[in-house]
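Residue-level structural notes
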Amino acid sequence: MGIKAGLVGLPNVGKSTLFNALTKSTVPAKNYPFCTIDPHLAITKVPDKRLILLQKIYNSQEIIPATVSFVDIAGLVKGAASGKGLGNQFLSNIYQVDLILHVIRCFEDPNIIRDQELDPLDDYETILAELMLKDLDSVIKKLEKGEKNRKNAQGAERKILDQEFDLLHAVKNALNDGNAQQVRTLILQAPVQTIPLLCAKNFLIIANIAEDSIANESYKQSPHYQALIAKFGSEVVIPVSAKVAAELSQLSDEDAAEMMSFLGMAEKSLDLIIRKTYENLGLITFFTCGPKEIHAWPIKKGISIKQSAGEIHSDLERGFICAEVSNYTDLIAAGSEQQLKTQGKVRIEGATYTTQDGDIVHIRFNV
């Protein structure tokens, strides 16, 4: 499945620097607005230590990890929803992502151009306001079009259109009140689907902290960081020094480990962002394993093994018969695939089985 996370924020908050680090890319990172004129897309691997052990057990030639696509969307400004700073173009790019990563600067830098004093919460509200204004415009247009369609509809179709009409009116009122949380609740609880809304998308906050605040986690004492935690909670806010992340991405594993040890970092910030992105989107991983390759497949948690087979190839879902299933945890405990079978930990599952994280599957099909 294609997973996309979009880096969104005001100009000069560190988005492009972070994007370069996430993807080891070379998107320009300059100290002026709209350096990134077009959205940049790059694919990065999802860190998963299980792949190395699976490769050893199956003696596989290749590892194919799960991936996440990151989109670097040009800096938005106040007035973006009305077209200021090419805002309509940039806002449209956000429709294509599954998760919004709000990048917010949490430290002063005399070399960074700003129109006002540093205020992370105000920066977030500025971006959110533009997303909501864009949504309001979309909702109004949909209501105008929907009213015409409702007049000609009957029966079940009319009932669905009436439900959507009521939903959109409620969403419109919430948008006019500036209540993004209510919009999300309305969309989640609605009995019908409607147009995609920017402010209803899942999101995480990336707090871009100062390089010298990593040691001893001194950034936790920053009032700017504390303000974000107070509003969103520690599960949503990810502290990252974009500069340090960029430096680490250019080092060998050995040198990076040494630098992290010096800074007291237990995990690379980039790995944390990728992991949190994966978790926030409700994704898990299953594996297909053999001598040729170990392949990690990202799927939505809770889907059936038959649907999971479709992520490998549509023919596997269409002609699904059953699946041979084991799990990574059991395999590691057993030590080998043969021992796993001897212990009876390899089983046959039908189409309705719910795929679990770490499942190792072999699909049997006929088309």
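Everything here concerns the structure above.
1. Details of the overall build of the chain
Scanning the chain for helices and strands turns up 14 helices and twelve strands. Expressed as a percentage of its 367 residues, the buried residues of the chain come to 48%. The long-range share in the chain, meaning contacts at least 24 apart out of those at least 6 apart in sequence, stands at 69%.

2. Some words on the pattern of salt bridges
Side-chain pairing between opposite charges can occur once the charged atoms of the two side chains come close. Under the defined criterion, the tally for this structure stands at 15 salt bridges. Residue Asp 162 is joined to Arg 158 by a salt bridge in which the shortest nitrogen-to-oxygen separation is 3.0 Å. Here Arg 158 and Asp 162 lie together in helix H5 (residues 155-176), a separation of four residues that amounts to about one turn. Among the ionic pairs, Glu 211 bridges to Lys 243, the shortest N-O distance being 3.3 Å. On the criterion of sequence distance, the pair formed by Glu 211 in the loop between strand E6 (202-208) and helix H7 (223-232) and Lys 243 in helix H8 (residues 242-249) is long-range, its members being 32 residues apart. The exposure class assigned to Glu 211 is partly exposed, which follows from its relative accessible area of 31%. We classify Lys 243 as partly exposed; its relative accessible area is 48%. Through salt bridges that share partners, Asp 48, Arg 50 and Asp 357 make up one connected network.

3. Concerning unusual backbone geometry
If you check the backbone angles, Asn 12 has positive phi at about 65° while not being a glycine. With respect to the helices and strands, the residue Asn 12 is situated in the loop between strand E1 (4-8) and helix H1 (15-23). Classification of Asn 12 as buried rests on a relative accessible area of 15%. Of note in the backbone geometry, Asn 59 takes a positive phi value of approximately 55° without being a glycine.

4. Quick notes on the sheet that holds strand E2 (residues 40-45)
Read across the sheet, six strands follow the order E2-E4-E1-E5-E6-E7 without closing on themselves; strand pairing throughout is mixed. Either end of the sheet is taken by a strand with one partner, and the two such strands are E2 and strand E7 (237-240). The average undirected angle you get between the axes of adjacent strands in this sheet is 25°. Direction of pairing for strand E5 (residues 99-105) relative to E6: parallel, over a ladder of seven bridges. Within E6, the position partnered with Val 103 by the bridge is Ile 206.

5. Some remarks on the packing of H5 against helix H6 (residues 180-189)
Each packed pair of helices is defined by two parameters, the angle between the axes and the distance between the axes. Where H5 meets H6, the closest approach of the two axes is 8 Å, and the angle between their N-to-C directions is 165°. By the criterion of interaxial angle, the relationship of H5 to H6 is roughly antiparallel. Read as a crossing pair, H5 and H6 show a hand that is left-handed. Residues Leu 167, Ala 170, Val 171, Ala 174 and Leu 175 of H5 pack against Gln 182, Val 183, Leu 186 and Ile 187 of H6.

6. Description of the packing of aromatic side chains
As enumerated under the stated definition, the model contains five aromatic pairs in all. Judged by centre distance (5.9 Å) and plane angle (80°), the rings of Phe 203 and Phe 232 are edge-to-face. With a gap of 29 residues between them, Phe 203 in strand E6 and Phe 232 in helix H7 connect regions that are remote in the sequence. For Phe 203, a relative accessible area of 17% translates into the label buried. Accessibility expressed as a relative area gives 16% for Phe 232, which makes it buried. Ring geometry for Phe 286 versus Trp 297: centroids 6.4 Å apart, planes at 20°, classification stacked. Placement of Phe 286 in strand E8 (residues 283-289) and of Trp 297 in strand E9 (residues 293-300) is noted, with a sequence separation of eleven residues between them. In terms of burial, Phe 286 and Trp 297 fall into one category: buried. By way of ring pairs, the aromatic residues Tyr 124, Phe 203 and Phe 232 are connected into one cluster.

Parameters and conventions
Residues numbered from 1 in each chain as written. Predicted model: local features only at pLDDT ≥ 70, side-chain atom pairs only at ≥ 80, totals over all residues. Heavy atoms only, no water. Helix = DSSP H or I, 4+ residues; strand = E, 2+ residues; numbered from the N terminus. Buried < 20%, exposed > 50% of the residue type's maximum accessible area, 1.4 Å probe, protein only. Contact = heavy atoms within 4.5 Å. Salt bridge = Lys/Arg side-chain N within 4 Å of Asp/Glu carboxyl O. Pairing = 2+ DSSP bridges. Axes fitted to C-alpha atoms, helices over the stretch in contact; angles between N-to-C directions. Parallel < 35°, antiparallel > 145°, perpendicular 65-115°, else oblique. Left-handed = near helix turned anticlockwise from the far one by under 90°. Phe/Tyr/Trp six-rings, centres within 6.5 Å; stacked < 30°, edge-to-face > 60°.

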